[in-house]
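Observations on chain architecture
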Amino acid sequence: MTGFFIKVLITGIAVIIATYIIPGVTITDSFLTAFVFAFVLALLNTFLKPVLTFLTIPITVMTLGLFLIVINVGMVLLADYLVDGINIAGFLTALIFGIAIAILTWILNLIF
């Protein structure tokens, strides 16, 4: 259980860094908003993403797996909708933001 919270903490740090790098993503409240966003994103990825991935297997196979990117962007946009205080400009910004979070989380996991 503590491993989950450490991963959420690392993802929160990645969210904070990514908001400074990517134009179109803003945190209007505080750093706590980034950690709440990371927590909600982790919950969505844990519970909702597997269901969506299963339901979209035919489309995922037809697109050779590229539809999983759409699902990832959808998770980021849904987390943005659920958490007040963070604003993502649109689909392309959410795509770049999701990729940046993934890369930054990977780098931070290597460090810690």
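The structure we're discussing is the one just above.
Summary of the structure given here. Worth saying up front: this structure is predicted, and the values here are computed from it rather than measured.

What counts, and where the lines are drawn
Residues numbered from 1 in each chain as written. Predicted model: local features only at pLDDT ≥ 70, side-chain atom pairs only at ≥ 80, totals over all residues. Heavy atoms only, no water. Helix = DSSP H or I, 4+ residues; strand = E, 2+ residues; numbered from the N terminus. Expected span 1.5 Å × (residues − 1). Buried < 20%, exposed > 50% of the residue type's maximum accessible area, 1.4 Å probe, protein only. Contact = heavy atoms within 4.5 Å. Axes fitted to C-alpha atoms, helices over the stretch in contact; angles between N-to-C directions. Parallel < 35°, antiparallel > 145°, perpendicular 65-115°, else oblique. Left-handed = near helix turned anticlockwise from the far one by under 90°. Patch = residues over 30% accessible without salt bridge, like charges linked within 9 Å, V, L, I, M, F, W, Y side chains within 5 Å. Areas by Shrake-Rupley, 256 points an atom, 1.4 Å probe, with all protein chains shown as cover. Salt bridge = Lys/Arg side-chain N within 4 Å of Asp/Glu carboxyl O.

On to helix α1 (residues 2–21), then. Under the 1.5 Å per step criterion, the end-to-end length of α1 is 29 Å for 20 residues, consistent within 8% with the ideal 28 Å. The complete set of buried residues in α1 reads Val8, Ile10, Thr11, Gly12, Ala14, Val15, Ile16, Ala18 and Thr19. Structurally, α1 contributes buried residues whose contacts are with β1 (25–27), α2 (31–55), β2 (86–88) and α5 (91–111).

Turning our attention to the packing of α2 against helix α4 (residues 67–82). Where α2 contacts α4, the axes come no closer than 9 Å and their chain directions differ by 140°. One finds that α2 runs oblique with respect to α4. α2 and α4 meet at a crossing whose hand is right-handed. Contacts between α2 and α4 involve Phe37, Val40, Leu41, Leu44, Asn45, Leu48, Lys49, Leu52 and Thr53 from the first element and Leu68, Ile71, Asn72, Met75, Val76, Leu78, Ala79, Asp80 and Leu82 from the second.

Our focus in this paragraph is unusual backbone geometry. A positive phi angle, near 60°, is found at Leu64, a position not held by glycine. As for its position among the elements, Leu64 is in the loop between α3 (57–62) and α4.

Quick look at a nonpolar patch on the surface now. Residues Ile99, Ile103, Trp106, Ile107, Leu110, Ile111 and Phe112 make up a contiguous nonpolar surface patch of roughly 810 Å² in combined accessible area. Among the structural elements, Ile111 can be located in helix α5.

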